[in-house]
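Structural overview
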Amino acid sequence: MLSSLPFVSSKMGGWTTAAWVYGAVIVVFFLAQLAMAFDRQFVLANQAYFVTDRRSIVLRFGRNWRFARRVYVVSCLHAKEFPYVVRQNRPYGCLRIGTLLNKDLVQPFGFGLSQPGQPFLQGRSLVPVEFENIREADFVRSLILSYLGKEPVN
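Residues numbered from 1 in each chain as written. Predicted model: local features only at pLDDT ≥ 70, side-chain atom pairs only at ≥ 80, totals over all residues. Heavy atoms only, no water.

1. Points about the nonpolar core
Tyr-84, Leu-95, Ile-97, Val-129, Phe-131 and Ile-144 are the most contacted members of the largest nonpolar core, which has 18 residues in total. Listing elements by their share of this core, those giving two or more residues are strand S3 (69-77), strand S5 (93-99), strand S7 (128-134) and helix H2 (137-148). Discounting residues that sit within four places of it in the chain, Leu-95 has contacts with Tyr-84, Val-85, Val-86, Val-129, Glu-130, Phe-131, Ile-134, Ala-137, Val-140, Arg-141 and Ile-144. (Core = buried A, V, L, I, M, F, W, Y, C linked by side-chain atoms within 4.5 Å. Buried < 20%, exposed > 50% of the residue type's maximum accessible area, 1.4 Å probe, protein only. Helix = DSSP H or I, 4+ residues; strand = E, 2+ residues; numbered from the N terminus. Contact = heavy atoms within 4.5 Å.)

Shown next as structure tokens:
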């Protein structure tokens, strides 16, 4: 964006006007990125993950759109046909345990589990449910697969 600054004509308000507009746009983009980073940190700091012999559970504490404190729970039944993919992330991996809108899933209410960085529903695609940034993602995956009697495939 800044490389186009020398090509701004004087008919459009000149170089100084363009510099102010470009500067304002840069500040707005920077503040938006900062807000998204704080939101993401808040989400990760207020989540807990549980694995039982039958289900994987994601628990999130947060506020809803009316700023009331809520607890959001998503519970995914273990399934032999589900791939349980470990996605590399920084600093730790993420383990996909299910998808929202699956028939075997206890559904959350409201928008409490929508998180920055997750894809929106597009057509028939499903929103993934993940254990995000867990240190031992491969171990948790092998633990779930052992409950299913299925050997991990690397």
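That shown, we press on.
2. Some words on helix H1 (residues 14-45)
If you check H1, its first and last C-alpha atoms are 47 Å apart, about what 32 residues at 1.5 Å a residue would give, namely 46 Å. Packing partners of the buried residues in H1 comprise strand S1 (47-51), strand S2 (55-63) and S7. (Expected span 1.5 Å × (residues − 1).)

3. Details of the side chain of Ser-75
Mapped onto the elements, Ser-75 comes out in strand S3. Judged by relative accessible area, Ser-75 falls into the buried class, the value being 8%. Within the structure, Ser-75 has its side chain in polar contact with the side chain of Arg-55 (distance 3.1 Å). (Polar contact = N/O pair within 3.5 Å; in protein donor to acceptor, adjacent residues only side chain to side chain.)

4. Remarks on the pairing of S7
Most of S7 is tucked away, with 6 of its 7 residues classed as buried. Relative to S7, S5 runs antiparallel, the two being bridged by 5 bridges. The partner of Gly-93 across the bridge, within S7, is Ile-134. (Pairing = 2+ DSSP bridges.)

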